[in-house]
Amino acid sequence: MKLTCEKQFLQNAVNVASRAAASKSPISAIEGLLLEAGEDLRITGYDMKKGIYSNIEANVTEPGSVVLNAKLFGEMVRRMPDGIVSIVTDEKDNTNVKCGKTEFNFMGISSEDFPEMPSVDGIRCYTIAQSVLKGMINQSIFAVSDNDSRPVYTGSMFEIENGTLTLVSVDGYRLALRREAIEGENEHNEFIVPGAALSDLERICSDVEDKIKISVGGNHISFSVNNTVIVTRRLEGDFLNYKKAVPEQFKYSVKVNRTELQRAVDRVSLIVDEKTKNPVRMTFNDGLIDCLCVTPI
């Protein structure tokens, strides 16, 4: 394999794909990134649960593939000067990475040892603006559970019906819900996406109106964002029936300035710690909300 590419594009792709590389595994290949040079350069990270690949423009003179340790390769690229990066790999996976006066030589891993990422059959496809989905994830992911005893709640449920996407997260104490319009099939569909994949997706998305393509298969889901694709498995199980958990009518309805309320709660909750976890109590008076928190002396 022999190619050259722009350092900034390479660094961005390596940073994105590294989110899916395993941090520690008995399989050394999945601690690495798969580099595949053809018409362009594809960089893939895959930890057997989630995969991310990104394509960048490259001048490929000899097609080929190799697996490079994600952490080491990422640090190499980051510390290189700006300019054109040259990557050369021989038949024994000896790899040379060079940019300007900086040069690294090290051993790669055969691409044959890298596990094949699952393909998404794309039974159903949808599109939504990056900025919209990014905001939906940001405002709901805090309620995703980190308790593996109930794996189904370690993700968020996507429910699509009549051109509307409802994103629901719940951890047993909190429930977060947001609805937005989505383009695609109108037939009812619902699936659960792991929270780890959504965190990566939120970081990759930009505050732009460019569309994300969501492809939903029988066992996996893919999110295509510009030249980057995230593939993750679906979580299986019975998710909370949020329609019954959220009342259709409320006895009281209050409108309040969001920023002022956030600041008030932030000040009052300063004395809350992990041991006591005393609640912040709100008392609603005529035109006022009193926020109070008391902890043991």
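Throughout what follows, the structure given in this document is the object of discussion.

**Description of the sheet that holds strand β17 (residues 220-225)**
Strand order in the open sheet formed by nine strands is β6-β2-β3-β4-β18-β17-β16-β10-β14, with antiparallel pairing between adjacent strands. Lying at the two open borders of the sheet, with one neighbouring strand each, are β6 (64-69) and β14 (183-184). Sheet topology note: the strand β2 (residues 32-37)/strand β3 (residues 41-46) ladder contains four bridges and is antiparallel. Bridge pairing in β3 links Leu-34 to Thr-44. Sheet strands in contact with helix α2 (residues 70-79) are β2 and β6, and its direction is about 95° off that of β6.

**A short note on the packing of helix α1 (residues 7-17) against α2**
A pair of packed helices is characterised by two quantities: the angle between their axes and the separation of those axes. α2 packs onto α1 with a crossing angle of 150° between their chain directions and a minimal axis gap of 10 Å. When the axes of α1 and α2 are compared, the pair comes out roughly antiparallel. Remark: the crossing between α1 and α2 carries left-handed chirality. Within the contact between the two elements, α1 uses Lys-7, Leu-10, Gln-11 and Val-14 and α2 uses Phe-73, Gly-74, Val-77 and Arg-78.

**Focus on the packing of aromatic side chains**
Inspection of every chain in the model, using the stated rule, returns three aromatic pairs. Geometrically, the ring pair formed by Tyr-153 and Phe-239 is edge-to-face, given 5.3 Å between the ring centres and 70° between the ring planes. Linking Tyr-153 in the loop between α3 (130-138) and β11 (155-161) with Phe-239 in the loop between β18 (228-233) and α5 (242-245), this pair joins segments that are 86 residues apart in sequence. The two residues Tyr-153 and Phe-239 agree in class, both being buried. Ring centres of Phe-158 and Phe-223 lie 6.3 Å apart, and the angle between their planes is 55°; this geometry places the pair in the tilted category. Placement of the pair is Phe-158 in strand β11 and Phe-223 in strand β17, with a sequence separation of 65 residues. Neither Phe-158 nor Phe-223 differs from the other in exposure class; each is buried. Between Arg-42 and the ring centre of Tyr-53, over which it is positioned, the NZ or CZ distance is 4.0 Å.

About the cut-offs
Residues numbered from 1 in each chain as written. Predicted model: local features only at pLDDT ≥ 70, side-chain atom pairs only at ≥ 80, totals over all residues. Heavy atoms only, no water. Pairing = 2+ DSSP bridges. Helix = DSSP H or I, 4+ residues; strand = E, 2+ residues; numbered from the N terminus. Contact = heavy atoms within 4.5 Å. Axes fitted to C-alpha atoms, helices over the stretch in contact; angles between N-to-C directions. Parallel < 35°, antiparallel > 145°, perpendicular 65-115°, else oblique. Left-handed = near helix turned anticlockwise from the far one by under 90°. Phe/Tyr/Trp six-rings, centres within 6.5 Å; stacked < 30°, edge-to-face > 60°. Buried < 20%, exposed > 50% of the residue type's maximum accessible area, 1.4 Å probe, protein only. Lys NZ or Arg CZ within 6 Å of the ring centre and 35° of its normal.

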